[in-house]
Amino acid sequence: MDPQIVAVADAAGTTIVSAMATDGWQRTRDGVVALWQRFRPDSADSIHEDFEESRRVLLDSLQVGDEHTHAALVAAWNGYLLGLLVAQPQALDALRQLNAVLEQEHTSGAHTSVNMTANASGNGQVFQAGRYQRITQS
């Protein structure tokens, strides 16, 4: 298999799953479904349903702190995208373009939705951060 196809599918799968947990998830879904409508129209409805289900599973896993689900979803979406590219190699440029748009949106200020809950009792302390956190205590 062409390593370039694998690399594009891997990058796009990671980007798509990461975008599922952002405020821009609907644009991501619409872009993915549009790609399927263009190159595999018979599977577009199915990929729409798979996206919705993947997003639900991802959000549920984030609430309970399950990091393994994200990796499993990335692997699944890499498989979907690789299957698309094997069946329709002419979709490679369109997938590259979609990935570039999604990456741009993700890095240009699209914010990930984060819900955090913590409970401490007694002398317990809680430190939470949506991104970076540095704690220095003496």
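Residues numbered from 1 in each chain as written. Predicted model: local features only at pLDDT ≥ 70, side-chain atom pairs only at ≥ 80, totals over all residues. Heavy atoms only, no water.

Enquirer: Any chance you could explain the pattern of salt bridges here in plain terms?
Expert: For side chains of opposite charge, pairing can occur when their charged atoms come near one another. Throughout the structure, instances matching the rule amount to six salt bridges. We note a salt bridge from arginine 56 to glutamate 53, for which the minimum N-O separation is 2.5 Å. Placement of the pair is arginine 56 and glutamate 53 together in helix α3 (residues 44-63), with a separation of three residues, close to one helical turn. Given the relative accessible area of 42%, arginine 56 is considered partly exposed. In this structure, arginine 56 engages aspartate 60 in a salt bridge whose closest nitrogen and oxygen atoms are separated by 2.9 Å. One end of the pair is arginine 56 and the other is aspartate 60, both in helix α3 and four residues apart, which spans about a single turn. (Salt bridge = Lys/Arg side-chain N within 4 Å of Asp/Glu carboxyl O. Helix = DSSP H or I, 4+ residues; strand = E, 2+ residues; numbered from the N terminus. Buried < 20%, exposed > 50% of the residue type's maximum accessible area, 1.4 Å probe, protein only.)

Enquirer: Got a minute to help me understand the packing of α3 against helix α4 (residues 68-87) in this structure?
Expert: Helix-helix packing: each pair is described by the crossing angle between the helix axes and the interaxial distance. Between α3 and α4, whose axes approach to 10 Å, the crossing angle comes to 165 degrees. Here α3 lies roughly antiparallel to α4, going by the angle between them. Like other packed secondary-structure pairs, α3 and α4 cross with a definite hand, here left-handed. Here Ile47, Asp50, Phe51, Ser54, Val57, Leu58 and Ser61 of α3 lie close against α4, whose contacting residues are Thr69, His70, Leu73, Trp77 and Tyr80. (Axes fitted to C-alpha atoms, helices over the stretch in contact; angles between N-to-C directions. Parallel < 35°, antiparallel > 145°, perpendicular 65-115°, else oblique. Left-handed = near helix turned anticlockwise from the far one by under 90°. Contact = heavy atoms within 4.5 Å.)

Enquirer: What am I meant to see in the nonpolar core here?
Expert: If you look at the biggest cluster of nonpolar residues, it comprises 30 residues, and the most contacted ones within it are Ile16, Leu35, Trp36, Trp77 and Leu95. Here this core takes seven residues from helix α1 (residues 3-20), the largest share from any one element. Not counting chain neighbours up to four residues away, the residues in contact with tryptophan 77 comprise Gly13, Ile16, Val17, Met20, Val32, Ile47, Asp50, Phe51 and Ser54. (Core = buried A, V, L, I, M, F, W, Y, C linked by side-chain atoms within 4.5 Å.)

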